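So the chains spell out like this:
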Amino acid sequence: MDLNFNKNEDSMKLLVAELRQRTAKVSLGGGKKAIEKQREKNKLTARERIEYLLDQGKPFMEIGALAGWEMYEEYGGCPSGGTVAGIGYVSGKQCIVVANDQTVKAGAWFPITGKKNLRMQEIAMENHLPIIYLVDSAGVFLPMQDEIFPDKEHFGRIFRNNARMTAMGITQIAAVMGPCVAGGAYLPIMSDETLMVTGHGSIFLAGPYLVKAAIGEDVDAETLGGAVTHTEISGIADYKFDTEQECLDQLKKIFSKIGTPAQKAGFDRIAAAPPKKDPAELYGLMPVNGAKPYDMAEIIERIVDDSLFEQFKEDYGKTILCGYARVDGWAVGIVANQRKIVKSKKGEMQMGGVIYNDSADKAARFIMNCNQKKIPLVFLQDVSGFMVGSRSEHAGIIKDGAKMVNAVANSTVPKITFILGNSFGAGNYAMCGKAYDPRFIFGWPSAKIAVMGGDQAAKTLLQIQVASMKSQGKEVSAAEEERLLEGIRSKYEKQTSPYYAAARLWVDGLIDPAETRSLISQAIAAADHNPVIPPFNTGVIQV
């Protein structure tokens, strides 16, 4: 390989190493001391519970591992949003597992905790996957109750979703392995079955201290809402166990008896074939600085079966690649930003990563085709936005862009999005960003998400700030302008970081590029559980 490949490979592997280091850090939850305290109580950690529960040798797709990254630092942080969650297999059944992390503020719910738990329920509902709740939580984090309790997408939505999911026929099982208090007490009881661990699990609307304050009654937690109370007196729980391992074993038994759905979506799958081009070369194909051109087709050919990518309208709208392929045997339609500088048949030079009239037109048509054929869509983003200027405006770029956005928004087949590099402006929308309901969305560690590129944004913001200062009669020297520009750029660059996005769940996770193929396969396997694919309809659309 050439020198550029080696430079790209070194840069990407450094980013992947940083990702692994940060993922390892958050995997400790509240830290080693908190983990030791958990073990002193003869309790497993959230990650140990999940590891014990899941089928060995089967894939586990963790969601939101970096949720809360560098957030709530004034309160000591909230690693992984205080919850460990993902999609794995229990007794051969693909399912979702959500586990409160007691080592993080006693499993209390921060705003990001609520957002993450709602995301997991959303995944369960979209894909008709059964869900397991491993409950061990002190309830809402009181210093931030105004940001987690009252609004539509806050804490109460969890229980609304419990009710909706059971009405949809989605299995929900809760294992209470620690406190489950106040409004949170409804979650296990609104599940299909509730398991409790004696001596550790407790469920009550008000704990002993609040009961004492409210009505003057002295009562201990076990008598008030322990496993014996709820399996022998109130009857709201169904099973009790002396150890967590026995409780988790019963979960496995329950799942072993769940019936296979009579119908699935029926997405086409044949025997898988590995890519003929080496997937290890993914690290060296893409410059991580987002400024230099590269061939997106080379990346696609290291992800898809046999490295076969059948391009649709290959010689038209060249700044977006569209085509059919298979990933681990699954049929997929791929929509990807081409980062090479290309030349149209009209002789126009087109910049890579920019969406032009013809590429928007092509992509919209291809997305419609995939909906017609019931083929899941995979979006590979490295997009700077739509082309600007009088030439594009006169040619109707807004009309063509709107057509593509309409096709993406109304698409009913599963959409799976990967952000490889830039994800800027309306390009993020047209390429199925978070607002366009991808079933799953992941980022490479080279991803950047923003309304526009850092330099353009910083200079725009500087112009506004300098104009404001001058309107107040202040003189702004060149040196002062440079200092202001650097401050603005630094802040903006932090906000475009993939970790900033992952912390806020703008993406479901950051991944090693080598995991892309496996995650596509796992995502389609999950989506295939939902047999309901509504009719595709764009409504009024400009042509």
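Residues numbered from 1 in each chain as written. Predicted model: local features only at pLDDT ≥ 70, side-chain atom pairs only at ≥ 80, totals over all residues. Heavy atoms only, no water.

**Student:** Tell me about the overall build of the protein chain, and name the residues and values.
**Tutor:** Looking only at helices and strands, one finds 20 helices and 20 strands in the protein chain. Relative to a compact globule of 543 residues, whose C-alpha radius of gyration would be 24 Å, the protein chain shows 25 Å and is just as compact. Along the first, second and third principal axes, the C-alpha set of the protein chain runs to 80 × 65 × 50 Å. For the protein chain, with 543 residues in total, the buried portion stands at 55%. Counting contacts in the protein chain only where the partners sit at least 6 residues apart, residues at least 24 apart contribute 74% of the total. For the protein chain, the computed accessible surface area is about 23,900 Å², with 53% contributed by carbon and sulfur atoms. Positive and negative charge centroids in the protein chain, built from 62 and 63 side chains respectively, lie 5 Å apart. (Helix = DSSP H or I, 4+ residues; strand = E, 2+ residues; numbered from the N terminus. Rg over C-alpha atoms; globule rule 2.2 N^0.38 Å. Buried < 20%, exposed > 50% of the residue type's maximum accessible area, 1.4 Å probe, protein only. Contact = heavy atoms within 4.5 Å. Areas by Shrake-Rupley, 256 points an atom, 1.4 Å probe, with all protein chains shown as cover. Lys, Arg positive; Asp, Glu negative; His and termini not counted. Charge placed at Lys NZ, Arg CZ, Asp CG, Glu CD.)

**Student:** Report on empty space enclosed by the protein, specifying residues and quantitative values.
**Tutor:** Going through the model one piece at a time under the given rule, you end up with three cavities of 30 Å³ or more. Of the volumes computed, that of the largest cavity is approximately 140 Å³. Around the largest cavity sit 16 residues that line it, and Asn100, Trp109, Val135, Ser137 and Leu187 are the ones nearest its centre. Here the lining of the largest cavity is built from residues that sort into 11 nonpolar, five polar and no charged. (1 Å grid on protein atoms, 1.4 Å probe; cavity = no way out; pocket = protein on both sides within 12 Å on 5 of 7 lines; lining within 4 Å. Points joined across faces, edges and corners; volume = space filled by probe spheres on them. Nonpolar A, V, L, I, M, F, W, Y, C, P; charged D, E, K, R; others polar.)

**Student:** How would you explain the environment of Leu248 if you had to name every residue and give the values?
**Tutor:** Here Leu248 is to be found in helix 10 (residues 244-256). The spatial distance from the C-alpha of Leu248 to the C-alpha of Val197 is 9.9 Å, given a sequence separation of 51 residues. Residues within four places of Leu248 in sequence aside, it is in contact with Leu44, Arg49, Tyr52, Leu53, Leu134 and Met177.

**Student:** I'd like to hear about helix 15 (residues 397-410), residue by residue, with values.
**Tutor:** For helix 15, spanning 14 residues, the distance from its first C-alpha to its last is 20 Å, which sits close to the expected 20 Å at 1.5 Å a residue. Among all positions in helix 15, only Ile397, Asp400, Gly401, Lys403, Met404, Asn406, Ala407 and Val408 are buried. (Expected span 1.5 Å × (residues − 1).)

**Student:** Outline the pattern of salt bridges, listing residues and values.
**Tutor:** Charged atoms that come close allow side chains of opposite charge to pair. Per the stated rule, a full pass over the model turns up 25 salt bridges. The partner of Asp400 in a salt bridge is Lys403, and the shortest N-O contact between them spans 3.8 Å. Placement of both Asp400 and Lys403 in helix 15 is noted, with a separation of three residues, approximately one turn of the helix. Exposure class is identical for Asp400 and Lys403. Each is buried. Each of Lys277, Glu281, Glu298, Glu301 and Arg302 takes part in a single network of salt bridges with overlapping partners. (Salt bridge = Lys/Arg side-chain N within 4 Å of Asp/Glu carboxyl O.)

**Student:** I'd like a rundown of helix 20 (residues 516-527), residues and numbers included.
**Tutor:** Owing to its 3.6 residues per turn, the α-helix aligns residues three or four sequence positions apart on the same side. The end-to-end C-alpha separation of helix 20 is 16 Å, in line with the 16 Å expected for 12 residues at 1.5 Å each. With 11 of 12 residues buried, helix 20 is to be regarded as a mostly interior element. Of all the positions in helix 20, only Thr516, Arg517, Leu519, Ile520, Ser521, Gln522, Ala523, Ile524, Ala525, Ala526 and Ala527 are classed as buried.

**Student:** Talk me through the nonpolar core; I want residue IDs and the actual numbers.
**Tutor:** Counting 74 residues, the largest nonpolar core has Ile299, Ile334, Phe418 and Phe440 as the members making the most contacts within it. Among the elements that make up this core, the one with the highest residue count is helix 20 (seven residues). Apart from residues no more than four positions distant in its own chain, Phe440 is found in contact with Met61, Ile63, Ile87, Arg119, Ile123, Asn127, Lys415, Ile416, Thr417, Asp508, Ala523 and Ala526. Grouped together as the second largest cluster of nonpolar side chains are 26 residues, Val335, Ile355, Val383 and Tyr436 included. (Core = buried A, V, L, I, M, F, W, Y, C linked by side-chain atoms within 4.5 Å.)

**Student:** For unusual backbone geometry, give the residues involved together with the corresponding values.
**Tutor:** What you tend to see is this: most non-glycine residues have negative phi, and most peptide bonds are trans. Of note, Ser307 is a non-glycine position whose phi angle comes to about 60°, a positive value. Relative to the assigned elements, Ser307 resides in the loop between helix 12 (296-300) and strand 9 (310-311). On the basis of relative accessibility, which here comes to 12%, the residue Ser307 falls in the buried class. Of note, Lys313 is a non-glycine position whose phi angle comes to about 50°, a positive value. Relative to the assigned elements, Lys313 resides in the loop between strand 9 and strand 10 (320-327).

**Student:** Explain the pairing of strand 18 (residues 440-443) residue by residue, including any values.
**Tutor:** Burial along strand 18 is two-sided: Phe440 and Phe442 and Ile441 and Gly443, pointing in opposite directions, are all buried. Taken together, strand 17 (residues 415-424), helix 16 (residues 425-430) and strand 18 form a β-α-β motif whose crossover is right-handed. As defined by bridge partners, strand 18 adjoins strand 20 (residues 509-510) across two bridges and the pair is classed as parallel. Note on strand 20: the bridge partner recorded for Gly443 is Leu510. (Right-handed = clockwise from strand over helix to strand, strands pointing away. Pairing = 2+ DSSP bridges.)

**Student:** So, the packing of aromatic side chains: which residues are in play, and what are the values?
**Tutor:** As enumerated under the stated definition, the model contains 13 aromatic pairs in all. Measuring from ring centre to ring centre gives 5.0 Å for Tyr72 and Phe110, while their planes differ by 40°; the resulting arrangement is tilted. In this pair, Tyr72 is assigned in the loop between strand 1 (61-62) and strand 2 (83-90) and Phe110 in the loop between strand 3 (93-100) and helix 4 (111-127), connecting sequence segments 38 residues apart. You'll find Tyr72 and Phe110 in the same group, each marked buried. Here the aromatic rings of Phe312 and Phe366 are separated by 5.4 Å at their centres, their planes lie at 45°, and the arrangement is tilted. Here Phe312 is found in the loop between strand 9 and strand 10, whereas its partner Phe366 is found in helix 13 (residues 357-373), with 54 residues between them in sequence. On the accessibility criterion, Phe366 (0% relative accessible area) is buried. Through a chain of ring-to-ring contacts, three or more aromatic side chains come together here, namely Tyr72, Tyr75, Phe110 and Phe141. (Phe/Tyr/Trp six-rings, centres within 6.5 Å; stacked < 30°, edge-to-face > 60°.)

**Student:** So what about the packing of helix 3 (residues 46-53) against helix 10? Which residues, and what values?
**Tutor:** Relative to each other, helix 3 and helix 10 sit at 45°, their axes nearing to 10 Å. Relative to helix 10, helix 3 is oriented oblique. Handedness of the crossing formed by helix 3 with helix 10: right-handed. Residues Arg49, Tyr52 and Leu53 of helix 3 form the contact with helix 10, whose participating residues are Glu244, Gln245, Leu248, Asp249, Leu251 and Lys252. Its residues placed into classes, the contact of helix 3 with helix 10 shows four nonpolar, one polar and four charged. (Axes fitted to C-alpha atoms, helices over the stretch in contact; angles between N-to-C directions. Parallel < 35°, antiparallel > 145°, perpendicular 65-115°, else oblique. Left-handed = near helix turned anticlockwise from the far one by under 90°.)

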